[in-house]
Amino acid sequence: MTKINFPTGFQTKAIHAGEEPDPNSKASTPNIVMSSTFVTDADAGFSAEGVEEARGWTYTRWGNPTLHQLEEKLAALENAEDAVVFASGMGAITALLFHTLQAGDHAIISDVAYAALSEMTNDMIPKLGIAISKVNMSDADAIKKTLTPETKLVYIETPCNPILRLTDIKEVASIAHEAGALLAVDSTFSTPAATRPMELGADFVIHSLTKYLGGHGDALGGVVVGSRVNMTPLRKKTSLRLGGIMSPFNAWLIMRGIATFPLRMKAHEKNALQVARFLESHPKVKRVIYPGLPSHPQHALAKEQMNNFSGLLTFQVENGKEAAHHFANRLQVIHYAVSLGHHRSLIFYMPSADLLETSFKLATEQQLESWRLFAGKGLFRLSVGLEDAEDIITDLKMVLDEL
Ligand SMILES: *Cc1c(COP(=O)(O)O)cnc(C)c1O
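About the cut-offs
Residues numbered from 1 in each chain as written. Predicted model: local features only at pLDDT ≥ 70, side-chain atom pairs only at ≥ 80, totals over all residues. Heavy atoms only, no water. Phe/Tyr/Trp six-rings, centres within 6.5 Å; stacked < 30°, edge-to-face > 60°. Buried < 20%, exposed > 50% of the residue type's maximum accessible area, 1.4 Å probe, protein only. Helix = DSSP H or I, 4+ residues; strand = E, 2+ residues; numbered from the N terminus. Polar contact = N/O pair within 3.5 Å; in protein donor to acceptor, adjacent residues only side chain to side chain. Pairing = 2+ DSSP bridges. Contact = heavy atoms within 4.5 Å. Axes fitted to C-alpha atoms, helices over the stretch in contact; angles between N-to-C directions. Parallel < 35°, antiparallel > 145°, perpendicular 65-115°, else oblique. Nonpolar A, V, L, I, M, F, W, Y, C, P; charged D, E, K, R; others polar. Salt bridge = Lys/Arg side-chain N within 4 Å of Asp/Glu carboxyl O. Near = heavy atom within 4 Å. Areas by Shrake-Rupley, 256 points an atom, 1.4 Å probe, with all protein chains shown as cover. Domains from an automatic or database assignment. Buried area = accessible area lost by both parts, 1.4 Å probe.

### Some thoughts on the packing of aromatic side chains
Tallied over the entire structure, the rule returns ten aromatic pairs. For the pair tyrosine 59 and tryptophan 62, a centre-to-centre distance of 6.3 Å together with 80° between the ring planes defines the contact as edge-to-face. Judged by its relative accessible area of 16%, tryptophan 62 falls in the buried class. Centroid distance phenylalanine 249 to tryptophan 252: 6.5 Å. Interplanar angle 15°. Geometry classified as stacked. In this pair, phenylalanine 249 and tryptophan 252 both sit in helix α8 (residues 248-259), three residues apart, roughly one turn of the helix. The exposure class assigned to tryptophan 252 is partly exposed, which follows from its relative accessible area of 22%. Ring pairs connect the aromatic residues Phe315, Phe327, Tyr349 and Phe380, which therefore count as one cluster.

What follows is the structure, encoded as structure tokens:
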């Protein structure tokens, strides 16, 4: 066999990038290397500072062949130079914040973003002497007004969790760069099948691999993707010293998931569009938000920036909190559970009052108005899975009809 030496398509990359037959056994599927340590020569350094890939492997927290395969595959999917994987999406986000920020710096974070990041930037990060501003990232003027000479990082999520509001990556990249700040994009909801933020000017891309890339709800993982110049120090400083590294077993599972990821995203999108249309037609449903529907407030941007509208949608009904009990008790196919991007459909209710109190401290009337436009008094977040669309619809219809 010869190494692939021509430019390949996205599906081929998902299957082959980072992998090759095992040189010893000729195994076609990658072996998992679970070893925590590797036999070295007598000249190998004991400090991670001196680690060079050319020397071979030393200790799995410093680097591991299975983790390396996954990192190569993810970098290829994002059309980026390098990637560093972590034990979870939050592990990746923490590493990125430690890598880019220090006391005296300022960062602008999406005012609606993954809840654990929001909560972390409400208290833990400011306690380290890093100033944080929360801004509606669909409002370019608000971002411009918030930039200061100390702003080192602009952090967006598109579509953002849980309200599915979009951010124009290209526009925000140029705003950030003009001010000398770096742009990080959490692209978990969009996935590289839809959007490749590095190509639109982002400096870092974050994924929770727990979601669509792994895709089967059986392995947590996270990744930071970026240029080699940024990733080499990030790897040394954060995965090595903070230690939140991924288990090689999870890396192997996630690689197995990624092999079918481009095909799964097509099926997620197809199902989600059918379910979204059904929900929009149901009299008990007040509002549906899905980037692929013309009724999404930013459908034009979605069409421009997303080659796949993904499988996530939200919908609103009267008395959502009460309805949530019916959904949790009566659904048969869809699991009432957090998380998303699995082959199984998952649904979860999020009341606005609770989220605005615990996670998202929206300061201005404009921010609240934007929240209400997308989330109303509360939303059901539905991660449309890969079951037959008809069955997902039947399951939802039975509960909605009874409300
Ligand atoms: C789930 C999620 C995360 C966190 O990932 P974990 O793997 O659960 O730590 C970060 N960002 C987004 C958008 C997510 O959906």
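Resuming the write-up.
### A few points about the side chain of arginine 235
Tracing the backbone through its elements, the reader meets arginine 235 in helix α7 (residues 228-242). Within the structure, arginine 235 has its side chain in polar contact with the side chain of aspartate 82 (distance 3.1 Å).

### A look at the sheet that holds strand β11 (residues 346-351)
The sheet built from five strands is open, its strands ordered β8-β9-β12-β11-β10 with mixed pairing. Where the open sheet ends on each side, the last strands, each with one partner, are β8 (285-289) and β10 (335-336). Examined bridge by bridge, β11 and strand β12 (residues 378-383) share six bridges and lie antiparallel to one another. When the bridges of β12 are listed, leucine 346 appears paired with serine 383. Against the sheet, helix α9 (residues 261-281) touches β8, β9 (312-317) and β12, its axis set at about 10° to β9. Relative to the sheet, helix α11 (residues 320-330) contacts β9, β10, β11 and β12, its axis offset from that of β11 by approximately 160°.

### Overview of the packing of α8 against α9
In the contact formed by α8 and α9, the axes pass within 5 Å of each other and the chain directions differ by 60°. It follows that α8 is oblique to α9 by the angle criterion. Taken together, the residues of α9 that come into contact with α8 (itself represented by Gly257, Ile258 and Ala259) are Phe261, Pro262 and Arg264. Each residue belonging to the contact of α8 with α9 can be placed in one class, and the counts come to four nonpolar, one polar and one charged.

### A word on the sheet that holds strand β5 (residues 182-186)
Reading across the sheet, the seven strands line up as β1-β7-β6-β5-β4-β2-β3 and stay open at both edges, with mixed pairing between neighbours. Two strands bound the open sheet, and with one partner strand each, they are β1 (82-86) and β3 (131-135). Going across the sheet, the axis of each strand differs from the next one's by a mean of 20°, ignoring polarity. Relative to strand β6 (residues 204-208), β5 runs parallel, the two sharing three bridges. Following the sheet pairing, aspartate 186 is matched in β6 by isoleucine 206. The strands touched by helix α3 (residues 89-100) within the sheet are β1, β4 (151-157), β5, β6 and β7 (222-226), with β6 carrying the most contacts at an inclination of about 155°. Running over the sheet, helix α4 (residues 115-122) touches β2 (106-110), β3 and β4 and is turned about 135° from β3.

### Overview of the pattern of salt bridges
Under the counting rule described, the total for this entry stands at 13 salt bridges. Taking the shortest distance from any N to any O, the salt bridge between aspartate 82 and arginine 235 comes out at 3.1 Å. Taken together, the residues aspartate 82 in strand β1 and arginine 235 in helix α7 connect sequence positions 153 residues apart. Across the pair, exposure class does not vary: aspartate 82 and arginine 235 are buried alike. For arginine 330, the salt bridge is made with glutamate 402, and the minimal N-O distance between the two is 2.1 Å. Taken as a pair, arginine 330 in helix α11 and glutamate 402 in helix α14 (residues 389-402) lie far apart in primary sequence, 72 residues in all. In this structure arginine 330 comes out as partly exposed when scored by relative accessible area, which is 38%. When salt bridges with common partners are traced through the structure, they connect Glu71, Asp82, Arg228 and Arg235 into a single cluster.

### A word on the site of the ligand
Near the ligand, the surroundings consist of 14 residues, among which Gly89, Met90, Asp186, Thr210 and Lys211 are the closest. Here an oxygen atom of the ligand sits 2.9 Å away from a polar atom, N or O, in the main chain of methionine 90. One of the side-chain N or O atoms of lysine 211 is found 2.8 Å from an oxygen atom in the ligand. Burial of the ligand by the protein chains amounts to 94% of its free accessible area of 380 Å². With three residues, α3 is the largest single contributor of residues to the shell around the ligand.

### Description of unusual backbone geometry
Following threonine 158, the chain continues to proline 159 via a peptide bond in cis, the omega torsion being -15°. Looking at the element boundaries, proline 159 is found in the loop between β4 and α6 (169-178). That bond from asparagine 161 to proline 162 is cis: its omega, 5°, falls within 30 degrees of zero. Residue placement: proline 162 occurs in the loop between β4 and α6. At asparagine 79, a position not held by glycine, the phi torsion is positive, near 55°. If you trace the backbone, asparagine 79 turns up in the loop between α2 (65-77) and β1.

### Some words on the domain arrangement of the chain
Parsing the chain into structural domains produces domain 1 (10-258) and domain 2 (261-400). For domain 1 versus domain 2, the distance between C-alpha centres works out to 26 Å. Counting residues at the interface gives 44 residues for domain 1 and 43 residues for domain 2. Interface area lost by domain 1 to domain 2 is led by Leu164, Leu166 and Tyr212, which between them contribute 21%. Summed over the shared surface of domain 1 and domain 2, the result is zero salt bridges. Run the count over domain 1 and domain 2 and you get 22 residue pairs in polar contact (both at pLDDT 80 or more). Counting residues per element, the ones that place at least two in the side of domain 1 that touches domain 2 are α1 (10-16), α4, β3 and α8. At four residues, the largest contribution of residues to the side of domain 1 that touches domain 2 is made by α4. Classifying every residue of the side of domain 1 that touches domain 2 gives 21 nonpolar, 17 polar and six charged.

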